[in-house]
Amino acid sequence: MNWDETTDDDTAERLVGASGDREEQAVEAALRPKDLGEFIGQEKVREQLDLVLRAARARGATADHVLLSGAPGLGKTTLSMIIAAEMEAPIRITSGPAIQHAGDLAAILSSLQEGEVFFLDEIHRMSRPAEEMLYMAMEDFRVDVIVGKGPGATAIPLELPPFTLVGATTRAGLLPPPLRDRFGFTAHMEFYEPAELERVIHRSAHLLDVQIDTAGAAEIAGRSRGTPRIANRLLRRVRDYAQVKADGVIDQDIARAALAVYEVDSRGLDRLDRGVLEALLKLFGGGPVGLSTLAVAVGEERETVEEVAEPFLVREGLLARTPRGRVATPAAWAHLGLTPPRSSTGGNGQGDLFGA
């Protein structure tokens, strides 16, 4: 129920990809919670953010700048809209890649109203000149606009009304320390537990007028990779299956049958994920094998395997990255129902080293 806009084209086409296209975002907008009370999950972040916003309202002041980090689909965009709603302020939304020049940022900042929330998605992808301008805007609510070029150029100071910047990033480590230190509140969004995703699914099903029982919601939640956006996407696909193949009611059997059609298995792996594991296990005996070789074996680009498939496989403990290459873990063999070779020592490659 919590979604963020990203620009990852590789994952946008996957049913279990965490990013979404514009058409999907329009559908999701109707499901977004409107305040912190409706927001499911992220308990610590909600509690801390609630204190920050309530204190700002009590002082009659603008809320501190907020930095939200975490994987796509966990609720960063949704929280930014909730911050604006809680502060009863308008919100301006843009993204780092859209700001290529300092003038682009100056134009946005100069048009903000007092107290307005400025949401900057993928803030780590903003250009360096714009980033340096943002330092002064966040700290002093002022920017220097350069007029002219060369020796005759002059800097004209432009005062800005107090505003709240909400920055969102999937890669907090890429933010320079001077920018990161100017945020008054920083929160990291964690992946969701299955029980939390079940609550997300039940709420979304109610809003979509879909009948779903507890077992059906649990089945979808268990395949949603800890991400609300994926949970809602799977719910909509299962809903379609239930309407066409059944009586429209989603139970465990219907959910399993629908997700089998869409090739999403019990752990949330899709065709690409299983293709990587099958190549690693069947062709290379569990590894170690180089990334480029593995990518050729599955017929994908190296970047697709590394950035789209591997993060989830590593997080699930099915694959490990080592200096010698990618290796499968015992859990990978078990998940695909295969027996590791006798020389394997659990996917760490030591058996090959010592000839055991």
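Residues numbered from 1 in each chain as written. Predicted model: local features only at pLDDT ≥ 70, side-chain atom pairs only at ≥ 80, totals over all residues. Heavy atoms only, no water.

Draft legend 1. Representation of the overall build of the protein chain in the model. Helices and strands together make up the secondary structure of the protein chain, namely 16 helices and eleven strands. Burial analysis of the protein chain (356 residues in total) assigns 47% to the buried set. The contacts of the protein chain with a sequence gap of at least 6 include a subset with a gap of at least 24, amounting to 70%. Total accessible area on the protein chain is roughly 16500 Å²; 50% of this is exposed by carbon and sulfur atoms. (Helix = DSSP H or I, 4+ residues; strand = E, 2+ residues; numbered from the N terminus. Buried < 20%, exposed > 50% of the residue type's maximum accessible area, 1.4 Å probe, protein only. Contact = heavy atoms within 4.5 Å. Areas by Shrake-Rupley, 256 points an atom, 1.4 Å probe, with all protein chains shown as cover.)

Draft legend 2. Spatial organisation of the nonpolar core. Counting residues in hydrophobic clusters, the biggest one holds 45 residues, and the most contacted among them are Leu49, Leu79, Ile201, Ile212, Ile220, Val238 and Ile250. The leading source of residues in this core is helix H10 (residues 228-245), at seven residues. Sequence-distant contacts of Ile212, defined by excluding residues within four places in its chain, comprise Ile201, His202, Ala205, Ala217, Ile220, Leu235 and Ile250. With 24 residues, the next largest nonpolar core counts Ile99, Ile108, Met126 and Met138 among its residues. (Core = buried A, V, L, I, M, F, W, Y, C linked by side-chain atoms within 4.5 Å.)

Draft legend 3. Fine view of the pairing of strand S1 (residues 66-69). Side chains Val66 and Leu68 of S1 all project onto a buried face; the interleaved residues Leu67 and Ser69 project onto the opposite face, where all are buried too. Note: S1 against strand S6 (residues 164-169), four bridges, orientation parallel. Looking across to S6, one finds that Leu67 is bridged to Gly167. For S1 and strand S7 (residues 185-188), the ladder comprises four bridges, and the chain directions are parallel. Bridge pairing links Leu67 to Thr186 in S7. (Pairing = 2+ DSSP bridges.)

Draft legend 4. View of unusual backbone geometry. In the Ramachandran plot, Glu122 falls in the positive-phi region, its phi being about 50° despite a non-glycine side chain. A residue is classified by how much of its surface remains accessible, and Glu122, at 8% relative accessible area, is buried.

Draft legend 5. The arrangement of the sheet that holds strand S3 (residues 117-121) in detail. If you trace the five strands from one edge of the open sheet to the other, you get S2-S3-S6-S1-S7, paired in parallel fashion. With partners counted over all chains shown, the strands left at the sheet margins are strand S2 (91-95) and S7, one partner each. Recorded for the sheet is a direction-independent mean angle of 15° between the axes of neighbouring strands. Across four bridges, the pairing between S3 and S6 is parallel. Considered in S6, the bridge of Phe118 is made with Leu165. (Axes fitted to C-alpha atoms, helices over the stretch in contact; angles between N-to-C directions.)

Draft legend 6. Quick look at helix H6 (residues 128-140). Here H6 is 13 residues long and its end C-alpha atoms lie 19 Å apart, about the 18 Å a rise of 1.5 Å per residue gives. Burial in H6 covers these residues: Ala130, Glu131, Met133, Leu134, Tyr135, Ala137 and Met138. At the C-terminal side of H6, Phe141 shows a positive phi close to 50°. (Expected span 1.5 Å × (residues − 1).)

Draft legend 7. Structural detail: the pattern of salt bridges. Scanning the entire structure with this criterion turns up 17 salt bridges. When the shortest N-O distance is used, the salt bridge between Arg57 and Glu86 registers 3.6 Å. You can see Arg57 sitting in helix H3 (residues 43-59) and its partner Glu86 sitting in helix H4 (residues 76-86), a full 29 residues away along the chain. Exposure remark for Arg57: the relative accessible area of 38% places this residue in the partly exposed category. Looking at Glu86, the relative accessible area reads 19%, which means it is buried. For Glu219, the salt bridge goes to Arg223, with nearest N and O atoms at 2.6 Å. Each member of the pair, Glu219 as well as Arg223, is classed as buried. Look at the salt bridges and you will find they share partners, linking Glu219, Arg223 and Arg256 into a network. (Salt bridge = Lys/Arg side-chain N within 4 Å of Asp/Glu carboxyl O.)

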